[in-house]
Protein chains: 2
Amino acid sequence: MQLSQADRNILRSVQRDSSLSMADLGALVGLSPSACHRRLRALEERGLVKGYRAVLGQRELGLVMHFFIEVSLVSQSEPVLEAFESAVRAIPEILECHLMAGQSDYILRVVCEDAPAFERLHRDLVARLPGVARVHSNMSIREVKPLAGYPV
Amino acid sequence: MQLSQADRNILRSVQRDSSLSMADLGALVGLSPSACHRRLRALEERGLVKGYRAVLGQRELGLVMHFFIEVSLVSQSEPVLEAFESAVRAIPEILECHLMAGQSDYILRVVCEDAPAFERLHRDLVARLPGVARVHSNMSIREVKPLAGYPV
DNA sequence: CCTGAAAACCATAGCCG
DNA sequence: CGGCTATGGTTTTCAGG
């Protein structure tokens, strides 16, 4: 399960921009288009490339507010966790959810249009998720470094 | 700056999978390939589509640990913030950084291979970022809902 | 704004170093 | 494994409704 330097270069490139043609990708990493293509296919099959996605403009979508919400549950029993987690997965406004070590809290990431939208989101969706004991919202003032993929 | 239902459908599709051909995309949203293509181009020009990226496998890269690190600085003066932020942007292991409201803290997201790698990352990179007063690390035990784009 | 066809381009497979 | 070549499909453009 090792990665050659060529594979690393390919991963870095497609992680930054997957719209390059094999010819351009090859020029960047110093390989022919067909060599690139073969390696990229192999990387997909090994699971190192899971898919391809368009990155949308958050501001342009009008989703200018960004929150990290810490949630504690009333209990850590399996049914409570599962009910919470499936509810979270079903809500598109919740972009992301992690179960955290420590206080057995969750962190949710949500975006919304404006303060009223956040109030609705908070009151009608997050606070009403099953098993929620406490909610603490943290607002991002500014995205200092946007998520752009893993170091490879 | 309005989005038609067709545009929304296109955005949803390419956000989920940008490797679809225009023919497949057209079949999904009920348009001809050329109509899809023109709309998608327009969405790119309006900034609603910012780019295309490959999604890499975190586990397959060996980056199995995932942290959210809260950082407080010694001061909120402009030069201190700027020094911190440029240092953050230069470190690939720091995937993401937000300036947070409230205690004027930052949140960093980092990934690494194992506990020793995290110790190095914490001690040699994060704790030595310019202007850092306090650091508090929170480990994700499990990604309950992986980030998969905005609601549109 | 859409469709449909034509042109350019590109991914992909086979074959040879 | 990498490069080259051939081919089939896809993007991209354009005329016309």
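The structure reproduced in this document is the subject of the present report.

This brings us to the environment of A:R8. With respect to the helices, strands and loops of the structure, A:R8 is situated in helix α1 (residues 5-16). As a C-alpha pair, A:R8 and A:P151 span 143 residues in sequence and 9.7 Å in three-dimensional space.

With respect to spatial proximity, the complete set of residues near DNA strand D consists of A:L31, A:S32, A:S34, A:A35, A:R38, A:R39, B:L20, B:S21, B:M22, B:S34, B:H37 and B:R41. Each atom of DNA strand D within 4 Å of the protein was assigned to sugar, phosphate or base; sugar and phosphate come to 63%. At a separation of 2.6 Å, a base nitrogen of DNA strand D approaches a polar side-chain atom of A:S34. Sorting the residues of the surface near DNA strand D by element identifies α3 (33-45) of chain A together with α3 (33-45) of chain B as the ones contributing at least two each. It is α3(A) that contributes the most residues to the surface near DNA strand D, four residues altogether. Partitioned by chemical class, the residues of the surface near DNA strand D number four nonpolar, five polar and three charged.

Moving on to helix α5 (residues 115-126) of chain A. Residue and element names in this part refer to chain A. Regarding α5, the residues found buried are A117, F118, L121 and V126. For α5, the angular spread of buried residues about the axis comes to 100 degrees, placing them on one side. Against the buried residues of α5 lie β2 (65-73), β4 (105-112) and β5 (132-145).

In the neighbourhood of DNA strand C, the contacting residues comprise A:S21, A:M22, A:S34, A:H37, A:R38, A:R41, B:L31, B:S32, B:S34, B:A35, B:R38 and B:R39. Sugar and phosphate atoms constitute 65% of the interface atoms of DNA strand C, taking the interface as everything within 4 Å of the protein. In the model, a base oxygen of DNA strand C is placed 3.2 Å from a nitrogen or oxygen of the B:S34 side chain. Contributing elements (two or more residues each) for the surface near DNA strand C: α3 of chain A together with α3 of chain B. When grouped by side-chain class, the residues that make up the surface near DNA strand C number three nonpolar, five polar and four charged.

Enumeration according to the criterion identifies 18 salt bridges over all chains in this entry. Here the salt bridges do not stand alone but share partners, grouping A:E96, A:R109, B:E96 and B:R109 into one network.

Another aspect to go through is the packing of aromatic side chains. All names here are of chain A. All chains considered together, the criterion is met by four aromatic pairs over all chains. The interplanar angle of 10 degrees and the centroid separation of 3.7 Å between the aromatic rings of F67 and F118 together place this pair among those described as stacked. With a gap of 51 residues between them, F67 in strand β2 and F118 in helix α5 connect regions that are remote in the sequence. Residue F118 is classed as buried on the basis of its relative accessible area, which comes to 14%.

With 60 residues of chain B in contact, the opposing surface of chain A contributes 59 residues. Roughly 5,800 Å² is buried in total at the junction of chain B and chain A, and carbon and sulfur atoms are behind 61% of that figure. For the interface between chain B and chain A, the tally reads six salt bridges. Residue B:R142 is joined to A:E85 by a salt bridge in which the shortest nitrogen-to-oxygen separation is 2.7 Å. The tally of links between chain B and chain A comes to 43 residue pairs in polar contact (both at pLDDT 80 or more). Those elements that provide at least two residues to the side of chain B that touches chain A are α1 (5-16), β1 (49-56), β2 (65-73), α4 (78-89), β3 (94-100), β4 (105-112) and β5 (132-145) of chain B.

With respect to the helices and strands, B:E96 occurs in strand β3. Overall, B:E96 belongs to the buried group, its relative accessible area being 2%. Polar side-chain contacts of B:E96 include one of 2.8 Å to the side chain of A:R109. Separated by 3.1 Å, the side chains of B:E96 and B:H98 make a polar contact.

Rules used throughout
Residues numbered from 1 in each chain as written. Chains lettered and ligands numbered in written order. Predicted model: local features only at pLDDT ≥ 70, side-chain atom pairs only at ≥ 80, totals over all residues. Heavy atoms only, no water. Helix = DSSP H or I, 4+ residues; strand = E, 2+ residues; numbered from the N terminus. Near = heavy atom within 4 Å. Polar contact = N/O pair within 3.5 Å; in protein donor to acceptor, adjacent residues only side chain to side chain. Nonpolar A, V, L, I, M, F, W, Y, C, P; charged D, E, K, R; others polar. Buried < 20%, exposed > 50% of the residue type's maximum accessible area, 1.4 Å probe, protein only. Arc of directions from axis to C-beta. Contact = heavy atoms within 4.5 Å. Salt bridge = Lys/Arg side-chain N within 4 Å of Asp/Glu carboxyl O. Phe/Tyr/Trp six-rings, centres within 6.5 Å; stacked < 30°, edge-to-face > 60°. Buried area = accessible area lost by both parts, 1.4 Å probe.

Remember that the coordinates give geometry; whether it matters functionally is a separate question.
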